[in-house]
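If you want the building blocks of each chain, they are given just below.
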Amino acid sequence: MTNYSLPKPEFETSSLQVLWIDRAGDIWIGGRHGLFLFDEVTERFTTDFIAAAESKVRRMGFVSSISEDQTGSLWVGTTRLGVYRINRKNGTFTQLPTDFVTDRNNSRVEALLVGNEGHVWLGTYGNGLFLIDSSGKLLHRYHQEAEADPYKLSNNNIRTLALDNHGKLWVGTFDGLDIIDKEQIVNQIRYQEGDVRGLSHSSIRSIFKDQKGTMWIGTYFGGINLFDEDNQRFRHFYHRPFDDLSLSYNVVGAFTEIISGDWIIGTERGGIDFFDRKLSVHTYQARPNSTIKWLLSDKKGQVWVGVFRGGLQLLNQKDYTLRPYPSAQPDYQAMRNAIINCIVEDPEGGLWLGTDSKGGVFYFNTEAKRFEHFFGQDTLQDYLGNHAVKSIHLTSDGQLLLATKGKGIVMFDRYTGHIEQYGKLRIGGSLVLVDEFNHIFKDTSGILWFASNGGGVFSYNRSTGEAERFHVNDGLANNIVMGTMQDNAGYLWFVTLNGLTKYSPQENQIIKSYHYSSGFPLEEINEGAFYKTTDGDFLIGGSNGYIAMDPLNLKGNTYQPPVVITDLRVSNKRVLPGDGTGILEQELYKTKAITLRYSQSILTLDFAALNFIRPENNQYAYRMVGFDDEWIYSQNRRSATYTRLPAGSYTFMVKGSNNDGVWNEQPLELQVVMLPPPWRTWWAYCIYGILIVGGFLVVRYNAVKSTQLKHNLRLEQLEKEKWKEIQRAKAYLFH
């Protein structure tokens, strides 16, 4: 890492406030001593980027903000309420008037941003926010004292401005975050004590949009906040302390929709909440501290409530009181403290009630406002005993299908009194015993879906008697299934204990599951806490509030995250530039190739995909080309280690996916050269060659010398023998 500072002694301190990289790649620095252009070649700061105006540049004062318009002109804001436009193409330097600022003695420009339409936003300290055109003409002012809400700011002290991908302006103030769309304030966000999912602090210091479009919000005393649209696909409603317009209690167990289109929410130990869809707030509360098990809006618009140990009650929508039933029926007085698990309206307008005990099934006449005995009631209640009835489905031929705890699926013919139990389901020729079910649903094709309490979900064809089972091994979020809903496109959604699963009937397969770990907000879903509204939205309640979602527009995260190498270790020691190993000459992210000695053959590379939505669910794959034959999929493990790589040249490649499994198929590459040991280098082989040739020559020389010596000795011997023969001949002649 290299540090740069303003030249001394001209500038004793390098108090820098803002950095801007323009579209040409030039680096601009602003701060206490004005505006500077950084020359990357000479690594120096300069103010002579417009020679004719250098003296004006030096008189700008403290530069607090820099921005750029579509023409490439630079806009600069200073703490002296100065607004400047610098056109480097024609060499002009223009100061725009700021007479519209009323309190000039106590105001300064803290933030400046050029909008998509070429208008300029000026955020001041003390005087609010101004919108001007390119000539400096005032278009709008936003401030804390404004009478009209579209122009009323959270605070007049502004620190930072940023545009999101939709062109909305994010305004960071000393006391809250304001969002402006089409020149009107549409949302104000402040810190709320106890709201763990909200803004962590109201004083905003900085806002930054990354290349994905995620908004990063830096606060004065609350750390960093992150906002990403892909993390907002479920609207999450929950209780916020000190906010009377939030949900009254976090544990949600029931929903219904009234004629106005507003929602009624039943909580456990928090009573009934009313949600105004236009205002998007919870407005009224009924029967506080009670636990609501079921809600039903009948054909007449009446709202019936199943209260835990409070039986059936009718909600008065004018004064928000509840009237319990029965009022004067001695034979049904026990129903006043019954636990009602479900309420279903029949074509005649009556209500069928499923209870936790006391017989399981009851009928209530909404016209007479009294419980009525139905044909076969005693037989059915004796059969069910104290087994809970969790769901009732009315078939087109007048039969009741009951989902029970302990009796499986029970079919009751209300006209004949006939009872039939589906304790075992035939799946592929085998009988599967399942006796606990939570819900029964009939899809648009006529197939019945049984949600079991631990055995997954079953489809059942009444014509053939065949069933098919789906469980966690097939992709189901959990084998404890609370129920089934069908969206307006025909897809089925299985609501499980800890997640949501989407299923395609056409393809007969599970498409995707949503869990808390993958961004689904609910930690645990409650029995019966799911509802489809008239416009097709889903409401699902759990232990930490409830969510509202449009299943047709539930889009995944399509961002293909780039991958970066975050750390390099050799022999389990971290490698840094200039650390003496000689491996890195510059920062790791700038490095394209590394060379390792044979003693540095234990190599570990750490990497990360730049997706910050549930990053723990990012997936990775890597390979060392020249060593690995195929990609190694490491799931969410972010490191790769290689030991004893043979000498040679390799290419390390790594790619990653986001939290929704969308891969960036363009891998990051790093060239790796592994040097051989000294005894296997080219010069070592040359020495080996020289030694071998030299040895051969020595041996050859010795062999030749030996042969010559033997030859000379033989000649000497022949000469001696010849001399002896001559001497013997002489002796014979002269004897």
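Sequence order sets the numbering: in each chain, residues are counted from 1 along the sequence as written. Reporting of local features is limited, given that this is a predicted model, to residues whose pLDDT is at least 70; pairs of side-chain atoms are given and counted only at 80 or more, and all residues count toward the totals for whole chains, interfaces and linings. Note that water and hydrogens are dropped before the side-chain values are worked out from all heavy atoms of the structure.

If you tally the helices and strands in the chain, you get 3 helices and 58 strands. Here the globule rule is a power law, 2.2 Å times the number of residues to the power 0.38, and the radius of gyration is based on C-alpha atoms. Taken over the C-alpha trace, the chain has a radius of gyration of 41 Å; the compact-globule value for 735 residues is 27 Å, which it surpasses by more than 25%. On the principal axes, the C-alpha backbone points of the chain span a range of 175 × 90 × 35 Å. Think of it in three bands: with a 1.4 Å probe and only protein chains considered, a residue is buried below 20% of the maximum accessible area for its type, exposed above 50%, and partly exposed in between. Put simply, the chain has 735 residues, and 49% of those count as buried. Here, two residues are considered to be in contact whenever any of their heavy atoms come within 4.5 Å of each other. Taking as baseline every contact in the chain between residues at least 6 positions apart, the subset at least 24 positions apart corresponds to 48%. When the accessible surface of the chain is summed, it comes to about 37,400 Å², and 49% of that surface belongs to carbon and sulfur atoms. Asp and Glu are treated as the negative residues and Lys and Arg as the positive ones, with His and the ends of the chain left uncounted. In this description, the location of a charge corresponds to atom NZ of lysine, CZ of arginine, CG of aspartate or CD of glutamate. Positive and negative charge centroids in the chain, built from 76 and 81 side chains respectively, lie 9 Å apart. Secondary structure counts use DSSP, requiring at least four H or I residues in a row for a helix and at least two E residues in a row for a strand, with both numbered from the N terminus. To measure how exposed things are, a 1.4 Å probe is used in the Shrake-Rupley method; for residues, cover is taken only from the protein chains shown.

By the secondary structure assignment, D413 is in strand 35 (residues 409–413). By convention in these notes, a salt bridge is any Lys or Arg side-chain nitrogen within 4 Å of a carboxyl oxygen on Asp or Glu. The charged side chain of D413 is buried without a salt bridge, its nearest counter-charge being R414 at 7.2 Å. A polar contact is formed between the side chain of D413 and the backbone nitrogen of Y415, at a distance of 2.9 Å. With residues near it in sequence (within four places) discarded, D413 still touches Q399 and H418. Polar contact criterion, stated in full: a pair of N or O atoms within 3.5 Å, where within protein one must be able to donate a hydrogen and the other to accept it, and residues adjacent in sequence count only if both atoms are side-chain atoms.

This paragraph deals with the sheet that holds strand 3 (residues 34–39). Read from one edge of the open sheet, 4 strands run 1-2-3-4, paired in antiparallel fashion. At either end of the open sheet lies a strand with only one pairing partner, and these are strand 1 (16–21) and strand 4 (44–46). Here the strands of the sheet are splayed against their neighbours by 30° on average, with no regard to which way each runs. Following DSSP output, two strands are said to pair if at least two bridges run between them. Axis definition: a line fitted to C-alpha atoms, over the contacting stretch in the case of helices. Angles run 0 to 180 degrees between N-to-C directions.

Okay, the pattern of salt bridges next. Summed over the entire model, instances satisfying the criterion amount to 24 salt bridges. Between E348 and R414 there is a salt bridge, with its nearest N and O atoms 3.8 Å apart. Of the two residues, E348 is situated in the loop between strand 29 (340–345) and strand 30 (351–355) and R414 in the loop between strand 35 and strand 36 (419–422); the sequence distance between them amounts to 66 residues. Classification of E348 by relative accessible area gives exposed; the value is 56%. Here D356 makes a salt bridge to K390, at a shortest N to O gap of 3.6 Å. Here K390 lies in strand 33 (residues 389–394) and D356 lies in the loop between strand 30 and strand 31 (361–365), a separation of 34 residues in the sequence. Since its relative accessible area comes to 27%, D356 is described here as partly exposed. Each of E257, R277, D535 and D537 takes part in salt bridges that share partners, so that together they form one network.

Moving on to the environment of S64. Relative to the helices and strands, S64 is located in strand 5 (residues 63–68). Take S64: its relative accessible area is 6%, and that puts it in the buried class. Discounting residues that sit within four places of it in the chain, S64 has contacts with Q17, V18, G77, T78, T79, V109 and E110. At 2.5 Å, the side chain of S64 forms a polar contact with the backbone oxygen of V109.

Strand order in this open sheet of 4 strands is 21-22-23-24, and the pairing throughout is antiparallel. Looking at which strands have only one partner, the edges of the open sheet turn out to be strand 21 (252–257) and strand 24 (281–286). Across the sheet, the mean angle from the axis of one strand to that of its neighbour is 25°, orientation sign disregarded. Where strand 23 (residues 272–276) and strand 24 come together, 5 bridges link them in antiparallel fashion. Bridge pairing in strand 24 links D273 to Q285.

The subject of this paragraph is the pairing of strand 29. Summarising burial for strand 29: 5 of the 6 residues are buried, a large majority. Two elements, strand 29 and strand 30, share 5 bridges in a ladder whose sense is antiparallel. Residue pairing across strands places I343 opposite L353, the latter belonging to strand 30. Between the antiparallel neighbours strand 29 and strand 30 lie 5 residues, among them G349 with a positive phi of about 95°.

In this section: helix 2 (residues 377–384). Turning to helix 2, its buried residues are Q377, L380, Q381 and L384. Looking down the long axis of helix 2, one finds its buried residues gathered within 95° of arc, a one-sided arrangement. Contact partners of the buried residues in helix 2: strand 31, strand 32 (370–372), strand 33, strand 34 (399–404), strand 35 and strand 36. Looking one or two residues past helix 2, G385 carries a phi angle of roughly 60°, positive in sign. This arc is taken over the directions from the axis of the helix to the C-beta atoms.

Attention now goes to the pairing of strand 42 (residues 467–470). A regular strand carries its side chains on alternate faces of the sheet. Taken together, the 4 bridges between strand 41 (residues 457–460) and strand 42 define a ladder with antiparallel strand orientation. When the sheet's bridge partners are listed, V457 is paired in strand 42 with F470. In textbook terms, the turn of a hairpin is the stretch between consecutive antiparallel strands, and for strand 41 and strand 42 this stretch comprises 6 residues, one of which, G465, has a positive phi near 75°.

It is worth spelling out unusual backbone geometry at this point. With omega at 5°, the peptide bond leading from Y325 into P326 counts as cis. Mapping P326 onto the fold places it in the loop between strand 28 (322–325) and strand 29. The phi angle at E183 is positive, at roughly 65°, despite the residue not being glycine. Checked against the element boundaries, E183 lands in the loop between strand 15 (176–181) and strand 16 (184–189). Residue E183 is classed as partly exposed on the basis of its relative accessible area of 24%. Even without being a glycine, S280 presents a positive backbone phi close to 55°. Position of S280 relative to the elements: it lies in the loop between strand 23 and strand 24.

Let us look at the environment of V575. Counting through the fold element by element, V575 comes out in the loop between strand 51 (573–574) and strand 52 (593–596). The buried category is assigned to V575, whose relative accessible area is 5%. Apart from the residues lying within four places of it in its own chain, the contact partners of V575 are L568, R569, V570, T581, I583 and L584.

Further remarks concern the packing of aromatic side chains. Working definition: rings of Phe, Tyr and Trp (its six-membered ring) pair if their centres are within 6.5 Å, and the pair is stacked with planes under 30 degrees apart, edge-to-face with planes over 60 apart, and tilted otherwise. Overall, the coordinates contain 47 aromatic pairs when judged by the stated rule. Where F374 meets F412, the ring centres are 5.8 Å apart and the plane angle is 70°; that geometry is what we call edge-to-face. Linking F374 in the loop between strand 32 and helix 2 with F412 in strand 35, this pair joins segments that are 38 residues apart in sequence. Taken as a pair, F374 and F412 share a single burial class, namely buried.

Any link to function would need more than the numbers given here.
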